[in-house]
Amino acid sequence: MLKIEVKPGESIERALKRYKRKYRNTKRLEQIRERQEFTKKSVEKRKTKKKAQYKEKFLNEQENS
């Protein structure tokens, strides 16, 4: 459970924004969406390989620049 203490003089909107950021960083919503439907292991592996290839390509482009 996330707890956000409202600091003295801080608006509720600002505290709510901090809460939303903290919630997003826990990736809880991402997990909930993943569990809504079953994905086969082969599809997961394919997705992780594709992501790794993209990362490698991106990092190589950064080094060359």
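Model, not experiment: these values are computed from the prediction.

Before going further, it helps to spend a moment on helix 3 (residues 41–64). Spanning 24 residues, helix 3 covers 35 Å between terminal C-alpha atoms, matching the ideal 34 Å at 1.5 Å per step. The buried fraction of helix 3 is low, at zero of 24 residues.

When pLDDT is averaged along the protein chain, the result is 92; 100% of the residues meet or exceed 70. For the protein chain, the element scoring lowest by mean pLDDT is helix 2 (residues 28–34), at 89; helix 3 scores highest, at 94.

The geometry of an aromatic ring pair is captured by two quantities: the separation of the ring centres and the angle between the planes. As enumerated under the stated definition, the model contains two aromatic pairs in all. Measuring from centroid to centroid gives 6.4 Å for Tyr 54 and Phe 58, while their planes differ by 20°, and the two rings are stacked. On the criterion of helical spacing, the pair formed by Tyr 54 and Phe 58 is a turn pair, its members being four residues apart in helix 3. Here Tyr 54 falls in the exposed class, since its relative accessible area comes to 58%.

It is worth spelling out the layout of surface pockets at this point. The computed volume of the largest pocket comes to approximately 410 Å³. If you go around the largest pocket, the residues you meet are Lys 27, Glu 30, Gln 31, Glu 34, Arg 35, Glu 37, Thr 39, Val 43, Glu 44, Lys 47, Thr 48 and Lys 51. Elements represented by at least two residues in the lining of the largest pocket include exactly helix 2 and helix 3. Ranked by residue count, the leading element in the lining of the largest pocket is helix 3, at five residues. Broken down by class, the residue content of the lining of the largest pocket amounts to one nonpolar, three polar and eight charged.

About the cut-offs
- Residues numbered from 1 in each chain as written.
- Predicted model: local features only at pLDDT ≥ 70, side-chain atom pairs only at ≥ 80, totals over all residues.
- Heavy atoms only, no water.
- Helix = DSSP H or I, 4+ residues; strand = E, 2+ residues; numbered from the N terminus.
- Expected span 1.5 Å × (residues − 1).
- Buried < 20%, exposed > 50% of the residue type's maximum accessible area, 1.4 Å probe, protein only.
- pLDDT = per-residue confidence, 0-100.
- Phe/Tyr/Trp six-rings, centres within 6.5 Å; stacked < 30°, edge-to-face > 60°.
- 1 Å grid on protein atoms, 1.4 Å probe; cavity = no way out; pocket = protein on both sides within 12 Å on 5 of 7 lines; lining within 4 Å.
- Points joined across faces, edges and corners; volume = space filled by probe spheres on them.
- Nonpolar A, V, L, I, M, F, W, Y, C, P; charged D, E, K, R; others polar.

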